[in-house]
Amino acid sequence: QVQLVESGGGLVQAGGSLRLSCAASGRTFSSYAMGWFRQAPGKEREFVAAISRSGGNTYYADSVKGRFTISRDNAKNTVYLQMNSLKPEDTAVYYCAADHQRFVELVRRSLYEYDYWGQGTQVTVSS
């Protein structure tokens, strides 16, 4: 069992930056690939970024590539999402999620592959 708690959301002007954090409980954080997803009002939850168990592989949605960076610190049981050059269309609730894996280092974009989810943190970008 893994519990995930996101933080770092808030209100920012277009062009600004935010850094989201997701702290995980438990002693097996390195057994999980991690992902960030977001959901805007009236829209489906969508993939943003993912990082492999060791941090060696990353994967981004086209809409955030070059602006967002996912990273992790396995010693701190934490995954981060650095968001730069924010746009109003980035406004959403952002969720982190954990994908349990054994013997592989995959990065996956389907939300159905993820086993545990945080409660979400609101990001609002004003124009």
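To start, this report covers the structure provided alongside it.

Conventions adopted
- Residues numbered from 1 in each chain as written.
- Predicted model: local features only at pLDDT ≥ 70, side-chain atom pairs only at ≥ 80, totals over all residues.
- Heavy atoms only, no water.
- Core = buried A, V, L, I, M, F, W, Y, C linked by side-chain atoms within 4.5 Å.
- Buried < 20%, exposed > 50% of the residue type's maximum accessible area, 1.4 Å probe, protein only.
- Helix = DSSP H or I, 4+ residues; strand = E, 2+ residues; numbered from the N terminus.
- Salt bridge = Lys/Arg side-chain N within 4 Å of Asp/Glu carboxyl O.

Brief notes about the nonpolar core
Right, so step 1: Core analysis: the biggest nonpolar cluster contains 35 residues, and Met34, Trp36, Leu81, Met83 and Tyr94 have the highest contact counts within it.
Right, so step 2: Sorting the residues of this core by element identifies strand S3 (18–24), strand S4 (32–39), strand S5 (46–51), strand S7 (68–73), strand S8 (78–83), strand S9 (92–100) and strand S11 (121–126) as the ones contributing at least two each.

Section: the pattern of salt bridges
Right, so step 1: Scanning the entire structure with this criterion turns up 7 salt bridges.
Right, so step 2: Here Asp90 and Arg67 are joined by a salt bridge, their closest N and O atoms 2.8 Å apart. You can see Asp90 sitting in the loop between S8 and S9 and its partner Arg67 sitting in the loop between strand S6 (58–60) and S7, a full 23 residues away along the chain. Note on accessibility: Asp90 and Arg67 belong to one class, buried.
Right, so step 3: Salt-bridge contacts for Arg108 lead to Asp99; the nearest nitrogen and oxygen are separated by 3.0 Å.
Right, so step 4: By relative accessible area, Arg108 is classed as partly exposed at 24%.
Right, so step 5: The exposure class assigned to Asp99 is buried, which follows from its relative accessible area of 1%.
Right, so step 6: If you follow the salt bridges from partner to partner, you end up with Arg38, Glu46, Arg67 and Asp90 in one network.

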